[in-house]
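Summary of structural features
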Amino acid sequence: MTAPADVLVYTTTYCPYCVRAKALLDKKGASYTEVECTERPEVRDWLVEASKQRTVPQVFINGRSVGGFSDLAALEKAGGLDALLAEAPEPDAPPMPR
Ligand SMILES: N[C@@H](CCC(=O)N[C@@H](CS)C(=O)NCC(=O)O)C(=O)O
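Residues numbered from 1 in each chain as written. Predicted model: local features only at pLDDT ≥ 70, side-chain atom pairs only at ≥ 80, totals over all residues.

1. Side note on unusual backbone geometry
Keep in mind that most residues, glycine aside, have a negative phi and that most peptide bonds are trans. Quick note on the threshold: What counts as a helix is a DSSP run of H or I of at least four residues, what counts as a strand is a run of E of at least two, and both are numbered from the N terminus. Burial is judged by counting the other C-beta atoms within 10 Å of a residue's own C-beta: 20 or more makes it buried, 12 or fewer makes it exposed, and any count in between marks it as partly exposed, with every C-beta position built from the backbone.
Residues V56 and P57 are joined by a peptide bond in cis, for which omega reads 0 degrees. Tracing the sequence through the fold places P57 in the loop between α2 (41–51) and β3 (58–61). Its identity as a non-glycine residue notwithstanding, K52 has a phi of 60 degrees, on the positive side. Here K52 lies in the loop between α2 and β3. When the 10 C-beta atoms within 10 Å are taken as the criterion, K52 is described as exposed. Phi is positive for N62, close to 50 degrees, though the residue is something other than glycine. In this structure, N62 sits in the loop between β3 and β4 (64–67). Taking the C-beta count within 10 Å as the criterion, N62 has 18 such neighbours and is therefore assigned partly exposed.

Structure, rendered in structure tokens:
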């Protein structure tokens, strides 16, 4: 499946959950942009605000916070991930740090 959705995965180095989140998206055939924020404290601060979580990874689909790997896996298990990945982004979606 090729996802038209704008998928952003915020990661840090040495993060096993980040690896798992990316592996799940790879398995789904979803394309995504990885935003490595180990050395980007301003992005980490933004992430806490935007996701209400302090851990990485944080996954956003079309600007919507999905959460971390466990949230992504739960969404997939519940059968809700495909629909989100199939949605096209809004043309006027707010900009996200990349
Ligand atoms: N339930 C979360 C756990 C994520 C997690 O514990 N991530 C670690 C890195 S692999 C983390 O962010 N630890 C705290 C930190 O690095 O500040 C998920 O599935 O994404």
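2. A word on the pairing of strand β1 (residues 7–11)
The condition that has to hold: DSSP calls a pair of strands paired once it identifies at least 2 bridges connecting them. Whether a crossover is right-handed depends on one test, that the path from the first strand over the helix to the second runs clockwise when the strands point away from the viewer.
The buried fraction of β1 amounts to 5 of the 5 residues, a majority that puts the element mostly inside the structure. Burial along β1 is two-sided: the face carrying V7, V9 and T11 and the face carrying L8 and Y10 are both buried. Pairing of β1 with strand β2 (residues 33–36), which is carried by 4 bridges, proceeds in the parallel orientation. Its bridge partner being in β2, Y10 is matched across the sheet by V35. In this fold, β1 hands off to helix α1 (residues 16–28), which returns the chain to β2; that crossover is right-handed.

3. Looking at the site of the ligand
Quick reminder of the rule: Near, for a residue, is defined by distance from a backbone-placed C-beta atom to a molecule or strand, with 6 Å as the limit that must not be exceeded. Under the scheme applied, nonpolar residues are Ala, Val, Leu, Ile, Met, Phe, Trp, Tyr, Cys and Pro; charged residues are Asp, Glu, Lys and Arg; polar residues are all the others, including Gly.
Around the ligand, the surrounding shell consists of C15, P16, Y17, T55, V56, P57, G68, F69 and S70. Of all elements in the fold, only α1 and α3 (69–77) reach the threshold of two or more residues within the shell around the ligand. Residues that form the shell around the ligand fall into these classes: 6 nonpolar, 3 polar and no charged.

4. Describing the sheet that holds β1
Counted only if it meets this: Convention adopted: a line fitted to C-alpha atoms gives each axis, helices being fitted over their contacting stretch, and angles between N-to-C directions are expressed from 0 to 180 degrees. Here the contact rule is simple: place C-beta atoms from the backbone, and any two residues whose C-beta atoms are within 7 Å are in contact.
Taken together, the 4 strands give an open sheet; going across it, the order is β2-β1-β3-β4, and neighbouring strands pair in mixed fashion. For this open sheet the edge positions go to β2 and β4, each flanked by a neighbour on one side alone. Averaged over all pairs of adjacent strands, the angle between their axes in this sheet comes to 25 degrees, without regard to strand direction. Relative to β4, β3 is paired through 3 bridges, and the arrangement is antiparallel. Note on β4: the bridge partner recorded for I61 is R64. Taken strand by strand, α2 contacts β1, β2, β3 and β4, and its axis lies near 90 degrees from that of β4. Helix-sheet contacts for α3 involve β3 and β4, and the interaxial angle to β4 is about 95 degrees.

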